[in-house]
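Chain and residue survey
The chain contents come next:
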Amino acid sequence: MYELIKNLGTWLTSGSQWTGTDGIAHRLAEHLQYSLLATLVAAAIGLPLGLLIGHTGKGAFLAINLASFGRALPTVGLVVLVFLAGGLSMLPVYVALVALAVPAIVTNTYAGMTAVDPDVKDAARGQGMRGHQVLFQVELPLALPLIMTGLRLALIQVVATATIAAYVSFGGLGRYVFDGLAQRDLVQVLGGAVLVAVIAVALDLLLSGLQRFLFRHRTA
């Protein structure tokens, strides 16, 4: 075990390991690109859906169950299915990552909207606000903490799962995991896994800190 940890430390700190198209820096940039793009697409889908069902109260059962179905989908299986249908491209990876991220965004957005005190919404309507004004000026600001939690959870899930890009011969930190398994190189496998874990934890801490900073004046 000591020898494995020592070799892992050497692998992670070697200057040559960080340069070139196969280096950690390049693979990290690829991994973040996959993760951020997939999360942005998922947000473009999940946020409007969550806001709509939270504001109107219509379609909640269908949306939440579809979100649960998306969460239960086997990610690798979905990648293979889209890969067989669409050919060799990044599309299968993005489809799988977006499908993974949407449920957390939808459910947290919906939960944030439904948590808004009905009396507050009634008071806003009583002041003459229209439906869209109540949504964007009252409900959305109050629901933002839970919405941001959903985005944060979605991003971390995507970062942890973006290793599947290497499953269909693309890049990212998963390259070390799959190549290491093929080469029976335990140090490389462990190095890839450690890098993914560190990035996921670092992003979680960063977004958690940002969330606390933005809502530091709000009462519990």
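Just so it is clear, the model here is predicted, and its values are computed rather than measured. (Residues numbered from 1 in each chain as written. Predicted model: local features only at pLDDT ≥ 70, side-chain atom pairs only at ≥ 80, totals over all residues. Heavy atoms only, no water.)

Within the chain, the secondary structure is distributed over nine helices and zero strands. The order of helices and strands in the chain, counted from the N terminus, is α-α-α-α-α-α-α-α-α. Expressed as a percentage of the 220 residues in the chain, the buried residues total 42%. Across the chain, every contact between residues at least 6 apart in sequence was considered, and the portion connecting residues at least 24 apart equals 74%. (Helix = DSSP H or I, 4+ residues; strand = E, 2+ residues; numbered from the N terminus. Buried < 20%, exposed > 50% of the residue type's maximum accessible area, 1.4 Å probe, protein only. Contact = heavy atoms within 4.5 Å.)

To continue, consider the packing of helix H2 (residues 24–56) against helix H9 (residues 186–214). The N-to-C vectors of H2 and H9 enclose an angle of 55 degrees; their axes lie 12 Å apart at closest approach. By the angle between their directions, the pair H2 and H9 is classed as oblique. At the point where H2 passes H9, the crossing takes the right-handed sense. Contacts from Ile24, Leu28, His31 and Leu32 of H2 reach H9 at Leu195, Val196, Ile199 and Leu203. Split by residue class, the contact of H2 with H9 holds seven nonpolar, one polar and no charged. (Axes fitted to C-alpha atoms, helices over the stretch in contact; angles between N-to-C directions. Parallel < 35°, antiparallel > 145°, perpendicular 65-115°, else oblique. Left-handed = near helix turned anticlockwise from the far one by under 90°. Nonpolar A, V, L, I, M, F, W, Y, C, P; charged D, E, K, R; others polar.)

Now for the pattern of salt bridges. This model, assessed by the stated rule, comprises five salt bridges. Two residues, Arg152 and Asp204, come together in a salt bridge whose shortest N-O distance is 2.7 Å. Within this pair, whereas Arg152 is found in helix H7 (residues 131–161), its partner Asp204 is found in helix H9, the two being separated by 52 residues in sequence. Bridged by salt links that share partners, the residues Asp22, Arg27 and Glu30 form one connected network. (Salt bridge = Lys/Arg side-chain N within 4 Å of Asp/Glu carboxyl O.)

On to the UniProt feature "transmembrane region" (unreviewed entry) in the chain, then. Residues annotated by UniProt as "transmembrane region" (unreviewed entry) correspond here to residues 32–53, 153–174 and 186–207. Annotated as residues 32–53, this span is 100% helix and 0% strand, and its ends, taken at the C-alpha atoms, are 31 Å apart. Secondary structure content for residues 186–207 is 100% helix and 0% strand, while the C-alpha to C-alpha distance between its ends is 32 Å. (UniProt positions renumbered as here; feature names shortened; annotations may be inferred.)

In this section: the confidence of the model for the chain. Per-residue confidence for the chain gives a mean pLDDT of 85, with 88% of residues at or over 70. Here helix H4 (residues 75–86) is the element of the chain with the lowest mean pLDDT, 66, and H2 is the one with the highest, 93. (pLDDT = per-residue confidence, 0-100.)

With that out of the way, let us pick up a nonpolar patch on the surface. A contiguous nonpolar surface patch, about 230 Å² in accessible area, is contributed by Leu37, Val41 and Ile45. Looking at where Val41 falls in the secondary structure, it is placed in helix H2. On the basis of relative accessible area, Val41 is assigned to the partly exposed category, the value being 37%. (Patch = residues over 30% accessible without salt bridge, like charges linked within 9 Å, V, L, I, M, F, W, Y side chains within 5 Å. Areas by Shrake-Rupley, 256 points an atom, 1.4 Å probe, with all protein chains shown as cover.)

What follows deals with the packing of aromatic side chains. Within the structure shown, the criterion is met by three aromatic pairs. Taking the centre distance of 5.1 Å and the plane angle of 90 degrees together, the rings of Trp11 and Tyr176 count as edge-to-face. Highlighted residues: Trp11 in helix H1 (residues 2–13) and Tyr176 in helix H8 (residues 174–183), separated in sequence by 165 residues. Across this residue pair, the class does not change: Trp11 and Tyr176 are buried. (Phe/Tyr/Trp six-rings, centres within 6.5 Å; stacked < 30°, edge-to-face > 60°.)

A separate point is H7. With 31 residues, H7 extends just 38 Å between its outermost C-alpha atoms, more than 12% less than the 45 Å of an ideal straight helix rising 1.5 Å per residue. Helix geometry: H7 is bent most strongly at Leu144, by close to 55 degrees, with proline Pro145 lying one to four residues after it. (Expected span 1.5 Å × (residues − 1). Bend = angle between axes of the 7 residues up to and from the residue.)

With that settled, the discussion passes to unusual backbone geometry. Unlike most non-glycine residues, Arg184 shows phi in positive territory, near 55 degrees. In this fold, Arg184 is placed in the loop between H8 and H9.

To continue, consider the environment of Thr13. In this structure, Thr13 sits in helix H1. Assessed through its relative accessible area of 64%, Thr13 is described here as exposed. Within the structure, Thr13 has its side chain in polar contact with the backbone oxygen of Gly9 (distance 2.6 Å). (Polar contact = N/O pair within 3.5 Å; in protein donor to acceptor, adjacent residues only side chain to side chain.)

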